[in-house]
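One-letter residues, chain by chain:
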Amino acid sequence: MSNIEDIKNMTDLESKLSKLELIQYNKFTSKKRKLQYLLSHAIVRDICGENTVVENGKPTIKSGFVSIAHKDNWVVVAVSKKRVGIDIENTDVVRDFVKHSELLGLPKTHDKQTFYQNFIEFEARFKFGDGADMANIYFREYGNYLIGICTKEESKNIHFILLGLNKNSDIK
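Below: a short report on this structure. Because the structure is predicted, anything quoted here is derived from the model rather than measured. (Residues numbered from 1 in each chain as written. Predicted model: local features only at pLDDT ≥ 70, side-chain atom pairs only at ≥ 80, totals over all residues. Heavy atoms only, no water.)

### Focus on the overall build of the protein
For the protein, the helix and strand inventory stands at five helices and eight strands. Secondary structure of the protein in N-to-C order comes out as α-α-α-β-β-β-β-β-α-α-β-β-β. Every one of the 172 residues in the protein was classed for burial, and the buried ones make up 44%. When the accessible surface of the protein is split by element, carbon and sulfur atoms take 50% of a total near 9,700 Å². (Helix = DSSP H or I, 4+ residues; strand = E, 2+ residues; numbered from the N terminus. Buried < 20%, exposed > 50% of the residue type's maximum accessible area, 1.4 Å probe, protein only. Areas by Shrake-Rupley, 256 points an atom, 1.4 Å probe, with all protein chains shown as cover.)

Here it is, written out as structure tokens:
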């Protein structure tokens, strides 16, 4: 499934959530955020054959590691045998790069590509957790979106899935 709006029966996916996942899912008020949560956790279950458990605010699985990110109409999920952190950003968003760099403690830059790589790396390393400074960072571009993956795994062994909402969607 590649388009969230193609799913007609959300109840079927909801029924596959664990009790803990269902509690978290029901806390969201935004339909879009509920869909992002539901699909990201369904992807993990489909890939790994198990539900996620939240530990220290991060989704975890018994068979490896998982990281989830979403931006605008996109959901991205990374699964690996080794710890992983992932982030996605829309590089078309106009920002004051110097100001945002200073606020986040990132190297100052006026260059859009450098800013987004620094920002995404910062977020992916944060999601990775302890030892992130010794991990690799890999970038993948999809149109105007940039994905950063932080891991000690070789890039060929990282599995990630990117799902998109229909950009004409009225889901909020």
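Next comes the rest of the write-up.
### A look at the pairing of strand β3 (residues 64-71)
Both strand β2 (residues 58-61) and β3 contribute to a ladder of two bridges, which runs antiparallel. When the bridges of β3 are listed, threonine 60 appears paired with phenylalanine 65. Hairpin connection from β2 to β3: two residues lie between these consecutive antiparallel strands. The pairing of β3 with strand β4 (residues 74-80) spans seven bridges and is classified as antiparallel. Directly across from phenylalanine 65, in β4, lies its bridge partner serine 80. Linking β3 to β4, which pair antiparallel, is a turn of two residues; within it aspartate 72 sits at a positive phi near 55 degrees. (Pairing = 2+ DSSP bridges.)

### Observations concerning the nonpolar core
Ranked by internal contacts, the top residues of the largest apolar core, which has 17 residues, are Val66 and Val77. For valine 77, the contacting residues outside a window of four places in its chain are Ser40, Ile43, Val44, Val66, Ser67, Ile68, His159, Phe160 and Ile161. One finds Ala69, Ala78, Tyr138 and Ile147 within the second-largest nonpolar core, a separate group that totals eleven residues. (Core = buried A, V, L, I, M, F, W, Y, C linked by side-chain atoms within 4.5 Å. Contact = heavy atoms within 4.5 Å.)

### Describing the packing of aromatic side chains
Under the defined criterion, the tally for this structure stands at eight aromatic pairs. Centroid distance tyrosine 25 to tyrosine 37: 6.3 Å. Interplanar angle 35 degrees. Geometry classified as tilted. You can see tyrosine 25 sitting in helix α2 (residues 19-27) and its partner tyrosine 37 sitting in helix α3 (residues 31-48), a full twelve residues away along the chain. A residue is classified by how much of its surface remains accessible, and tyrosine 25, at 6% relative accessible area, is buried. Among the aromatic side chains, those forming a connected cluster through ring pairs are Phe97, Phe115, Tyr116 and Phe119. Above the plane of the ring of phenylalanine 119 lies arginine 95, whose end atom (NZ or CZ) is 5.5 Å from the centre. (Phe/Tyr/Trp six-rings, centres within 6.5 Å; stacked < 30°, edge-to-face > 60°. Lys NZ or Arg CZ within 6 Å of the ring centre and 35° of its normal.)

### Things to note about the sheet that holds strand β7 (residues 145-151)
With antiparallel pairing, three strands are arranged side by side in an open sheet as β5-β7-β6. Two strands in the sheet have a free side with no partner beyond their single neighbour: β5 (84-90) and β6 (136-142). When strand polarity is set aside, the average angle formed by the axes of neighbouring strands in this sheet is 15 degrees. Of the pairings in the sheet, the one linking β5 to β7 comprises seven bridges and is antiparallel in character. When the sheet's bridge partners are listed, aspartate 87 is paired in β7 with glycine 148. Sheet contacts for helix α5 (residues 112-128): β5, β6 and β7; angle to β5, the most-contacted strand, approximately 145 degrees. (Axes fitted to C-alpha atoms, helices over the stretch in contact; angles between N-to-C directions.)

### Some details on a nonpolar patch on the surface
A cluster of nonpolar side chains, namely Leu20, Ile23 and Val53, defines an oily patch on the protein surface of about 280 Å² accessible area. Mapped onto the fold, isoleucine 23 is located in helix α2. (Patch = residues over 30% accessible without salt bridge, like charges linked within 9 Å, V, L, I, M, F, W, Y side chains within 5 Å. Salt bridge = Lys/Arg side-chain N within 4 Å of Asp/Glu carboxyl O.)

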